[in-house]
Amino acid sequence: MSIKIAVLMDPIEHIKVAKDTSLAMMLAAQKRNWSAYYLRRQDLFMRNGRPAAAMQKVTMYDDKDHWYDAEPAAEMFLDELDCILMRLDPPFNMDYVYATYFLQRAQDAGTLVLNDPAALRDINEKMYTAWFPDCCPPTLITSREDKLRAFHQEHGDIIVKPLDGMGGSSIFRLKPDDPNVSVVLETMTLFGERQIMAQRYIPEITEGDKRILVVDGVAVSHALARMPAAGETRGNLAAGGTGVAVPLSDRDREIADTIGPELVKKGVLFAGIDVIGDWVTEINVTSPTCVRELDEQCNLDIGSQFMEAIEKRLG
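Presented here is an overview of the structure given in this document. (Residues numbered from 1 in each chain as written. Predicted model: local features only at pLDDT ≥ 70, side-chain atom pairs only at ≥ 80, totals over all residues. Heavy atoms only, no water.)

A look at the overall build of the protein chain
Then, number 1: For the protein chain, the helix and strand inventory stands at 8 helices and 18 strands.
Then, number 2: At 20 Å, the protein chain has a C-alpha radius of gyration in line with the 20 Å of a compact globule built from 315 residues.
Then, number 3: For the C-alpha atoms alone, the extent of the protein chain along its principal axes is close to 60 × 45 × 35 Å.
Then, number 4: A burial count over the protein chain gives 52% of its 315 residues as buried.
Then, number 5: Nonlocal contacts in the protein chain, meaning residues at least 24 apart in sequence, comprise 68% of its contacts between residues at least 6 apart.
Then, number 6: Roughly 14400 Å² of accessible area belongs to the protein chain as shown, and the carbon and sulfur atoms make up 48% of that amount.
Then, number 7: Distance from the positive charge centre (34 side chains) to the negative charge centre (48 side chains) of the protein chain: 2 Å. (Helix = DSSP H or I, 4+ residues; strand = E, 2+ residues; numbered from the N terminus. Rg over C-alpha atoms; globule rule 2.2 N^0.38 Å. Buried < 20%, exposed > 50% of the residue type's maximum accessible area, 1.4 Å probe, protein only. Contact = heavy atoms within 4.5 Å. Areas by Shrake-Rupley, 256 points an atom, 1.4 Å probe, with all protein chains shown as cover. Lys, Arg positive; Asp, Glu negative; His and termini not counted. Charge placed at Lys NZ, Arg CZ, Asp CG, Glu CD.)

Quick look at the packing of aromatic side chains
Two aromatic rings, taken as a pair, are described by how far apart their centres are and by the angle between their planes.
Then, number 1: On inspection of all chains with the given rule, the structure shows 5 aromatic pairs.
Then, number 2: Here a set of aromatic residues connected by ring pairs shows up, and it is made of Tyr 128, Trp 131 and Phe 132.
Then, number 3: Positioned above the aromatic ring of Phe 77, the side-chain terminus of Arg 50 is 3.6 Å from the ring centre.
Then, number 4: The ring of Tyr 201 carries the charged tip of Arg 173 above its face, separated from the ring centre by 3.7 Å. (Phe/Tyr/Trp six-rings, centres within 6.5 Å; stacked < 30°, edge-to-face > 60°. Lys NZ or Arg CZ within 6 Å of the ring centre and 35° of its normal.)

Quick notes on helix α7 (residues 291–298)
Then, number 1: In terms of burial, α7 is largely enclosed, as 6 of its 8 residues are buried.
Then, number 2: Here α7 has its buried residues at Val 291, Arg 292, Glu 293, Leu 294, Asp 295 and Cys 298.
Then, number 3: Packing partners of the buried residues in α7 comprise α1 (21–31), β13 (209–215), β15 (222–227), β16 (242–247), β17 (270–276) and α8 (302–314).
Then, number 4: Phi for Asn 299, located one or two positions after α7, is positive at around 55°.

Observations regarding the sheet that holds strand β11 (residues 172–174)
Then, number 1: What the 4 strands build is an open sheet, ordered β9-β12-β10-β11; its pairing is antiparallel. The sheet is open, and its two edges are formed by β9 (139–142) and β11, each paired on a single side. Adjacent strand axes in the sheet meet at a mean angle of 25°, parallel and antiparallel pairs treated alike.
Then, number 2: Of the strand pairs in this sheet, strand β10 (residues 158–162) and strand β12 (residues 196–200) are connected by 5 bridges, and their pairing is antiparallel. The residue bridging Val 160 from the neighbouring strand is Ala 198, located in β12. (Pairing = 2+ DSSP bridges. Axes fitted to C-alpha atoms, helices over the stretch in contact; angles between N-to-C directions.)

Thoughts on empty space enclosed by the protein
Then, number 1: Evaluation of the coordinates by the stated rule reveals 2 cavities of 30 Å³ or more.
Then, number 2: Reported here for the second largest cavity is a volume of approximately 50 Å³.
Then, number 3: Along its surface, the second largest cavity is lined by Met 25, Met 86, Arg 87, Leu 114, Asn 115, Phe 270, Thr 286, Pro 288 and Phe 306. (1 Å grid on protein atoms, 1.4 Å probe; cavity = no way out; pocket = protein on both sides within 12 Å on 5 of 7 lines; lining within 4 Å. Points joined across faces, edges and corners; volume = space filled by probe spheres on them.)

Thoughts on the pairing of strand β18 (residues 279–284)
Then, number 1: Among the 6 residues that make up β18, 5 are buried, leaving the element largely enclosed by the rest of the structure.
Then, number 2: In this antiparallel pair of consecutive strands, β17 and β18, the connection spans 2 residues, and Gly 277 shows a positive phi of 60°.

Remarks on the packing of α1 against α8
Then, number 1: Running from N to C, α1 and α8 point in directions that differ by 65°, and their axes come no closer than 8 Å. α8 is crossed by α1, and the crossing has right-handed handedness. Contacts between α1 and α8 involve Ala 24, Met 25, Ala 28, Ala 29 and Lys 31 on the former and, on the latter, Gly 303, Ser 304, Phe 306 and Met 307.
Then, number 2: Among the residues forming the contact of α1 with α8, the class breakdown is 6 nonpolar, 2 polar and 1 charged. (Left-handed = near helix turned anticlockwise from the far one by under 90°. Nonpolar A, V, L, I, M, F, W, Y, C, P; charged D, E, K, R; others polar.)

A few points about the environment of Leu 294
Then, number 1: Structurally, Leu 294 is set in helix α7.
Then, number 2: Once the C-alpha coordinates of Leu 294 and Ala 118 are considered, the two residues, 176 residues apart in sequence, prove to be 29 Å apart.
Then, number 3: Apart from the residues within four sequence positions on either side, Leu 294 is in contact with Leu 213, His 222, Ala 223, Leu 224, Ala 245, Asn 299, Leu 300 and Ile 302.

Observations regarding the side chain of Asn 115
Then, number 1: Among the secondary structure elements, Asn 115 is positioned in the loop between β8 (112–114) and α3 (117–122).
Then, number 2: There is a polar contact of 2.9 Å between the side chain of Asn 115 and the backbone nitrogen of Leu 269. (Polar contact = N/O pair within 3.5 Å; in protein donor to acceptor, adjacent residues only side chain to side chain.)

Some words on the nonpolar core
Then, number 1: Formed by 42 residues in total, the largest nonpolar core has its most connected members in Leu 78, Leu 263 and Val 280.
Then, number 2: Tallying contributions element by element places helix α2 (residues 94–108) first for this core, with 5 residues.
Then, number 3: If we ignore the near neighbours within four places in the chain, the residues touching Leu 78 are Leu 44, Pro 51, Ala 52, Ala 53, Met 55, Ile 84, Phe 102, Leu 103, Ala 106 and Thr 111.
Then, number 4: Counting 40 residues, the second largest nonpolar core, distinct from the first, contains Met 9, Leu 112, Ala 245 and Phe 270. (Core = buried A, V, L, I, M, F, W, Y, C linked by side-chain atoms within 4.5 Å.)

Details of the environment of His 155
Then, number 1: With respect to the helices and strands, His 155 occurs in helix α4 (residues 145–155).
Then, number 2: In this structure the C-alpha to C-alpha distance between His 155 and Pro 176, which are 21 residues apart in sequence, comes to 8.6 Å.
Then, number 3: Apart from the residues lying within four places of it in its own chain, the contact partners of His 155 are Pro 138 and Arg 200.

This is the structure we're talking about:
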C-alpha cells in the first residue's frame, strides 16, 4: 500500500532521539515503505477553504547523531495526504486550536487525521477524567478557594494543578497544616479567576506514575512507571523522573478497558492514561510519549501497532 503520512510536530531538529515518540511512529511508517512528511504549525495555510502546508519529505534514522534527512520544502494540499498525525506538544492555546481547524478541513475532505481534531479540542487532559469518576481518586475542579480549602480539610493531603499544564509543571502538594495553602491557592486560581484541579494525594506515587499507552482502544502490554526523583512528588520524566517498564495490573487493564473504547468513539487512536496506584489522574491525547522507553525495555514495536491501526482505517 502506497501511503503518504505527514506529522505535524514541534521542530524536528530538536527532538530527543532516545525518547521521541513521533520518531518511533515515523520509523514504523518507513518500515511499510510509506512516504513520510514533516510540517510545523507555522507552515500551515488555507486558501478559499482548502488547507495546505509547506512540508518536507523526510527520511528518518534511529541514530542519535543523525536522525533525519529532509528534502526541500514543497507546498502540498493536506487532502493529498492519506494520513496526518497531530503531534504538537501543549500549551493548548488558540494557535493550537487554529491548527486543529486546518486539520478539520483536511479530515472533511477525506484525509485521516489522528487524533481527531474535534477530540483534541474537546478533551482536556485533566478534565476528561470526569467522564470516568469510578476510575479516579476524589477530585475537585473549581476556582473557588473556599471549596479548595474544604477539600483540603476533608482529605488532608492533596495535589493541586492547572488544567493546561504538561510535564509536571505547576503541580503542588499541600499536606495537612501546610503553611503555604493560602499563597498556593491564590496563585493557582489567580485569586479565584481560574479553574484548577485538586485531587487526593495518592501515596503509591512512590511506586511510580504509570503511563499506560492505548492503541486503537487496547492497552499496550506494559506501562512505563515514572519514578519520582529523590524528594519529588512528581514522577514526570520532564521533572526528573526515571521510567521503568512494568506489566499491567488487573486494575490497569480494567481502567484501559473502560476508557479505551470511549476514546476510539471520539477518534482517538493513540492515548496515554496516567495511573497512580489504582487511580487515573490524567488522560493524554495531544502528544502522548513513552513509546521509545517501552519499546527498548520490553522489546515492543508500539509504532508498528499504531501503523496497523491506521492501515486498517485506510483500507
